[in-house]
Amino acid sequence: MDITKIITPLNAAQRAAVTAPPGATLVLAGAGSGKTRVLVHRIAWQIQVAGLSPHAVLAVTFTNKAAKEMRSRLEDLLNLPAHALWIGTFHGLAHRLLRRHAERSGLPSTFQVMDSADQLRVIKRLLNTLGLDEAQWPAKQLQWHINAQKDAGVRARQGSDGNDPYQRQLLAVYRAYENICQRSGLVDFAELLLRAHELLRDHQDLLDFYQQRFQQVHVDEFQDTNTVQYAWLRLLTEGRGNLFVVGDDDQSIYGWRGAKIENIHLFRKHHPDHQLVKLEQNYRSTGTILKAANAVIGFNSGRIGKELWTQTGDGEAIALYAAFNELDEAYFVVERIRAWVAAGGSRSDIAILYRSNAQSRQFEEKLMASHIPYRVYGGLRFFDRAEIKTALAYLRLLVNRTDDTSFERVVNLPTRGIGASTLETVRHVAREHQLSLWAATETVIQQTRVSARAGQALKRFLNLINQLAEQARGLELFEQVKLVVEKSALLAFYQQDKADRGEEKAENLEELVNAAKLFDPYQNNEESLSELDLFLAYAALEAGEMQADDAADCVQLMTLHSAKGLEFKQVFLVGMEEGLFPSQQSVDDAGRLEEERRLCYVGITRAMRGLCLSYSESRRLYGRETHPRPSRFLKEIPPHLVQEVRLRANTRRPLPGFGVVQSSGQFKLGQRVRHEKFGKGVILQQEGEGAQERVQVSFQQVGVKWLMLAYAKLATDG
DNA sequence: CTCTACGAATTTTTT
DNA sequence: ATTCGTAGAG
């Protein structure tokens, strides 16, 4: 019983959390306050001091990365392998439950997990089948709607049409989508969660079993849970409140995808006796950075309330740079990076954070030109690449012939003379007789409903899949993958394809074989499943884990969202402009604006020592020149914490008439104005000179208008 | 079936 | 600007 090892490294608040009594506990963990440490030490405490069996521990995270880190830190601390513990993501654990109890959850044992791209394809195909116009019923929107319903725990049969034709149609699509998935044995991400919830809800014996088994349930990033996830947690801990949750209401940035910050408040309501522990001592950032973060987040309402502090000193001031345009901004950032590296700093300590991915390019170009290695996060993941998905579709078809999505994907790739009209016949037969595309193809061949030539092609395809399945039997996983990649002629197809980076794609296919070789099914211990099943689930659920070449010393580029949970010595928070950050779509809605502000808080608190903010007075966006105002968040930082940076006057002056519009002096961009007829407004754009000078004004009452300055009686306001 | 052309959209992202 | 998807021609 090595209690000291568990307790000694903790501060008082952390210790209170780790040693809290077994009931419901809410740990409000500020950024950089040792959240993961508390979680890990809590579990270790339960096992080594409270005598809990490792078997009885459940720990749930959102990302595979977090799950992995928790497991490995736990192994370090306990000094033993942590197989026995159920540590995983919501989706991973749900998947595990559904596999174990496939029949009882109403799924075929061969069911496959779809990622969101697969899901979108299913919906698009469905729209075709239903004869709905894609322009009027955008597949993306329907996908969003269906997922939102599922995240909220609503099934199609529970939905109400409200006697509204639009709602009725949505409902019909949702219902049809459920049918298709059920028939094809396909499960999307939201479905994993919803079904896992229903499984426990509807089977008392299973619920009893798992309630009995999981004596302590731990949840990371609780503020990000959605309705179904919380409902599932409540089921598991019903009546006992053996739920230890860690979260931060100020870092809730996923409301737009169903996360319910309210779950924190519900938790407190549902568990009146809960322990509340606030972790406010920060071990990451300087005092200055924390003061800025506290000030900004203080503008939000309805917070539980928390103030970060540190024992470390104030450190250097926050730098602020006003760029002329986005190129100048990138130039400035790269100069600072160069100086940092020249002073002996390492590149991997630097992050450039932005609101949207589109902003990365300018920085990439300047970094490239300066020969500074960098890495952009959030690009296309390995398992998301088209050629990889195609190869996986072949594999899924081997496992499950009713997988229509995979069927559609590979039936004519590489091209084997199965054209659109042939496929239409197959789809028609499938619809008519409620068959899978595979079964429908067999029927079509039998009844010779297509030309002899097409029939032959179809027959060849069915034979190919059957033969592959036959030959794959008994082979090692990587040999199976290799077999499929080669015999499907996919590899040769891409090797021949000179035009579309075919060579690269062929290499990726070989890389897939390699990934299969390295795949360790033991890590995903689920005895009853074949290695191939596990590999396919891994590809769908853990696609992110492939890109782990962080060995090189690179500057890190990523969105604010992907920066959550990370820290860097030097952070550049760029594009601090109204309309960009906060994003245009959020400014009209108080709730969404607060989420943007939390995002800003997340960004600021990523910085350990240095924080540099920048905005641009002019920016090319969607091919148009815009003149945004500085972000409101900049004004929310106390000025005495900020040091505005000015480059030497002669270095980066823009040429007259180039980039920056000359101002008449009286009206600047962003200037608040008043018009006697239109009321109050803000200047958005300006062009022309002298008598021709006109300005674009956004009026509160009447919207955006162009006005000739010579005629319009505009007065400055405020 | 493949290639070109035109039009529309365009935060954030994990699973 | 750029990307992406569809429609129409070759």
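Values in this document were obtained by computation on a predicted structure and should not be read as measured data. (Residues numbered from 1 in each chain as written. Chains lettered and ligands numbered in written order. Predicted model: local features only at pLDDT ≥ 70, side-chain atom pairs only at ≥ 80, totals over all residues. Heavy atoms only, no water.)

Let us now look at the protein's contact with DNA strand C. Surrounding DNA strand C, one finds Arg-361, Tyr-622 and Gly-623. Counting only atoms of DNA strand C within 4 Å of the protein, the fraction found in sugar and phosphate groups is 33%. (Near = heavy atom within 4 Å.)

With that settled, consider unusual backbone geometry. Residues Phe-581 and Pro-582 are joined by a peptide bond in cis, for which omega reads 5°. Position of Pro-582 relative to the elements: it lies in the loop between strand S13 (568-573) and helix H26 (590-604). In this structure, His-371 takes a positive phi of about 60° despite not being glycine. If you trace the backbone, His-371 turns up in the loop between helix H15 (360-369) and strand S11 (374-376). Within the chain, Thr-448 stands out as a residue other than glycine whose phi angle is a positive 40°. As for its placement among the helices and strands, Thr-448 is situated in the loop between helix H19 (437-446) and helix H20 (452-472). (Helix = DSSP H or I, 4+ residues; strand = E, 2+ residues; numbered from the N terminus.)

Another aspect to go through is the packing of aromatic side chains. Per the stated rule, a full pass over the model turns up 17 aromatic pairs. An angle of 90° between the planes, with centres 5.9 Å apart, marks the rings of Phe-383 and Tyr-538 as edge-to-face. Of the two residues, Phe-383 is situated in the loop between S11 and helix H16 (386-399) and Tyr-538 in helix H24 (residues 531-541); the sequence distance between them amounts to 155 residues. The burial state of Phe-383 is the same as that of Tyr-538; both residues are buried. (Phe/Tyr/Trp six-rings, centres within 6.5 Å; stacked < 30°, edge-to-face > 60°. Buried < 20%, exposed > 50% of the residue type's maximum accessible area, 1.4 Å probe, protein only.)

Attention now moves to the sheet that holds S13. Read across the open sheet, the seven strands follow the order S11-S12-S10-S13-S14-S9-S17; overall the sheet is parallel. Strand pairing shows two members of the sheet lacking a second neighbour, S11 and strand S17 (642-645), which therefore form its edges. With direction set aside, neighbouring strand axes in the sheet form an average angle of 20°. Of the strand pairs in this sheet, strand S10 (residues 350-354) and S13 are connected by four bridges, and their pairing is parallel. The residue of S13 that forms the bridge with Ile-352 is Phe-572. Strand contacts of helix H14 (residues 326-342): strand S9 (318-323), S10, strand S12 (555-559), S13, strand S14 (607-616) and S17, with the helix running at about 155° to S14, the strand carrying the most contacts. (Pairing = 2+ DSSP bridges. Axes fitted to C-alpha atoms, helices over the stretch in contact; angles between N-to-C directions. Contact = heavy atoms within 4.5 Å.)

Counting buried residues in strand S1 (residues 25-29) gives five out of five residues, a clear majority hidden from the surface. Of the two faces of S1, both are covered, the one formed by Thr-25, Val-27 and Ala-29 as well as the one formed by Leu-26 and Leu-28. Across five bridges, S1 lies against strand S8 (residues 275-279) in parallel orientation. By the bridge assignment for S8, Ala-29 is matched with Leu-279. Inspection of the sheet shows S1 paired to strand S7 (residues 243-247) by four bridges, in the parallel sense. Considered in S7, the bridge of Val-27 is made with Val-246.

Right, let's get into the environment of Ser-105. Its location among the elements puts Ser-105 in the loop between helix H5 (90-100) and strand S4 (112-113). Of the residues examined, Ser-105 reaches a relative accessible area of 9% and is grouped as buried. As for Ser-105 and His-203, which are separated by 98 residues in sequence, their C-alpha atoms are 9.3 Å apart. Those residues in contact with Ser-105 that lie beyond four places of it in its chain are Leu-98, Arg-195 and Leu-199. Of note is the side chain of Ser-105, whose polar atom sits 2.7 Å from the backbone oxygen of His-101. (Polar contact = N/O pair within 3.5 Å; in protein donor to acceptor, adjacent residues only side chain to side chain.)

A few words on the sheet that holds S1. The strands making up a sheet associate through backbone hydrogen bonding, with each pair oriented either parallel or antiparallel. Judged by pairing direction, the sheet is parallel, and its six strands sit side by side in the order S3-S2-S6-S7-S1-S8 without closing on themselves. Each of the sheet's edge strands pairs with one partner strand only, and the pair in question is strand S3 (86-89) and S8. The mean angle between the axes of side-by-side strands here comes to 15°, regardless of whether they run parallel or antiparallel. Packed onto the sheet, H5 meets strand S2 (57-61), S3 and strand S6 (216-219) and runs at close to 115° relative to S3.

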